[in-house]
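# Architecture and fold: a report
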Amino acid sequence: MRVFFYIISLVFTLQSGFANYRINQVAFAEAEILNQYTARIPFQLIDNLIVVKAELLGQKGNFIIDTGSEALILNNVHFPAKYAHNKKRQKMSGVVSIIDNPFERKLNSFVIENLVMENQTSDVIDLSHIETSKKIKLLGVIGYSILKDYEVFVDLYLNQITLSKTDNNGTKLDPRGYLEKIVDSVGFQLKNHTIVVNASINGHPLTFGVDTAAEVNQINHKAPRKALKYFLPKGRILLTGASNRQIEVLAGNLHRVKLSKSVYLGPMQTILTNLDNLNKAFGTSLDGILGYEFFKQKRTIINYKKEKLYFVQYPLQLH
């Protein structure tokens, strides 16, 4: 089969310069403000991407929630970079290839209703190919720099993101607990901005990155053979990376993945690909990426400061 998937998880290097470009407010009009610390934001699944509605500088459009991106990203189709001296001194690396000509802009503040994040920097790149493919007005991507100060509940059951402000130790400032029961948890390592979990396939240890904007799971073709035998290919698809370059990859199901003795995953649609560029940018050695297929199975709370993933119980299905 030949299907197009966009892997838009971008890995950013250290920021090296700022432009005098101020944005006073980004408003999420559909957010439900529970109190001064917590907001729920409904999202739409466009293909397998988590997309929230937002308004920025008088423009209404969409932002993709991407834990695999370091920065807030603006689409230069709608926010053109006007000055060449704002060009970053370092390139950005995506899953498929290196992204050229990134720019930066300094933001005065980033606001989700009354949740204010000040002194943000935005990367500015061309996302027009994703915008065209998904048939949406894509203003940008929300990444780690925005999410890190919150406990982030990614709920594909209710199609909403809950952001709850945390202190420096990762403790929620909102004293109320979740209505849903937390049934398990695993630790992770934060490699720069990347969530890295230890996992196993039929007992063979591997490391996976966790990324909300990976439309399909990925496993590195260099992963141990004893683990790859549980990747069962079904056909080929075209993979399009952040720079709009396409490669053909094997697609199939990955079986027997566990994150701990008690946290296991059912078969997940996965592609077999080369993660060399990603690993070089991460400064690590990932065996794979857990994306949409992971979040579909696990209602997940991300706490960056505690470096923990918490898993929330699915409601019982009554027949």
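Look a little higher up for the structure.
The notes below deal with the structure included here. (Residues numbered from 1 in each chain as written. Predicted model: local features only at pLDDT ≥ 70, side-chain atom pairs only at ≥ 80, totals over all residues. Heavy atoms only, no water.)

In terms of helices and strands, the chain carries five helices and 29 strands. Within the chain, the fraction of its 319 residues that count as buried is 55%. Total accessible area computed for the chain in this model is approximately 14,300 Å², and 48% of it derives from carbon and sulfur atoms. (Helix = DSSP H or I, 4+ residues; strand = E, 2+ residues; numbered from the N terminus. Buried < 20%, exposed > 50% of the residue type's maximum accessible area, 1.4 Å probe, protein only. Areas by Shrake-Rupley, 256 points an atom, 1.4 Å probe, with all protein chains shown as cover.)

Another point: unusual backbone geometry. Positive phi, normally seen in glycine, also occurs at Asp-47, with a value near 55°. Checked against the element boundaries, Asp-47 lands in the loop between strand 6 (44-46) and strand 7 (49-56). Phi angles above zero are rare outside glycine, and Lys-135 is one such case at about 55°. Position of Lys-135 relative to the elements: it lies in the loop between helix 1 (128-134) and strand 14 (138-142). Judged by its relative accessible area of 73%, Lys-135 falls in the exposed class.

Turning next to the packing of aromatic side chains. To describe a pair of aromatic rings, one takes the distance between the centres and the angle between the planes. Evaluation of the coordinates by the stated rule reveals five aromatic pairs. Considering the side-chain rings of Phe-294 and Phe-295, the 5.1 Å spacing of their centres and the 80° angle between planes classify their relative orientation as edge-to-face. By the burial criterion, Phe-294 is buried, and Phe-295 matches it. Within the aromatic cluster, the residues linked to one another by ring pairs are Phe-294, Phe-295 and Phe-311. Sitting above the plane of the Tyr-178 ring, Lys-172 keeps its charged end 4.0 Å from the centroid. A cation sits over an aromatic face here: Lys-298 above Phe-311, 5.8 Å from the ring centre. (Phe/Tyr/Trp six-rings, centres within 6.5 Å; stacked < 30°, edge-to-face > 60°. Lys NZ or Arg CZ within 6 Å of the ring centre and 35° of its normal.)

Before going further, it helps to spend a moment on empty space enclosed by the protein. A full pass over the atoms with the stated rule returns two cavities of 30 Å³ or more. Together, Gly-68, Thr-194, Gly-209, Val-210, Asp-211, Phe-282 and Ile-289 line the second largest cavity. Here the lining of the second largest cavity is composed, by residue class, of three nonpolar, three polar and one charged. (1 Å grid on protein atoms, 1.4 Å probe; cavity = no way out; pocket = protein on both sides within 12 Å on 5 of 7 lines; lining within 4 Å. Points joined across faces, edges and corners; volume = space filled by probe spheres on them. Nonpolar A, V, L, I, M, F, W, Y, C, P; charged D, E, K, R; others polar.)

This brings us to the sheet that holds strand 29 (residues 308-312). On the basis of which strands lie adjacent, the open sheet formed by seven strands has the order 4-5-16-15-28-29-17 and antiparallel pairing. The open sheet is flanked by strand 4 (32-33) and strand 17 (182-187), the only strands paired with a single partner. For strand 15 (residues 150-155) and strand 28 (residues 299-303), the ladder comprises four bridges, and the chain directions are antiparallel. Bridging across to strand 28, Glu-151 finds its partner in Asn-303. (Pairing = 2+ DSSP bridges.)

In this section: the side chain of Asn-62. Within the element layout of this structure, Asn-62 appears in strand 8 (residues 59-65). Residue classification places Asn-62 among the buried residues on the basis of a relative accessible area of 5%. Those residues in contact with Asn-62 that lie beyond four places of it in its chain are Val-51, Val-52, Lys-53, Ile-136, Lys-137, Leu-138, Leu-139 and Gly-140. (Contact = heavy atoms within 4.5 Å.)

With that out of the way, let us pick up the environment of Leu-286. Note that Leu-286 resides in the loop between helix 4 (276-282) and strand 27 (288-290). Considered as a pair, Leu-286 and Leu-275 are 11 residues apart in the sequence and their alpha carbons are 7.5 Å apart. If sequence neighbours within four positions are ignored, Leu-286 has contacts with Val-196, Thr-207, Phe-208, Gly-209, Asn-220, Leu-275 and Asn-279.

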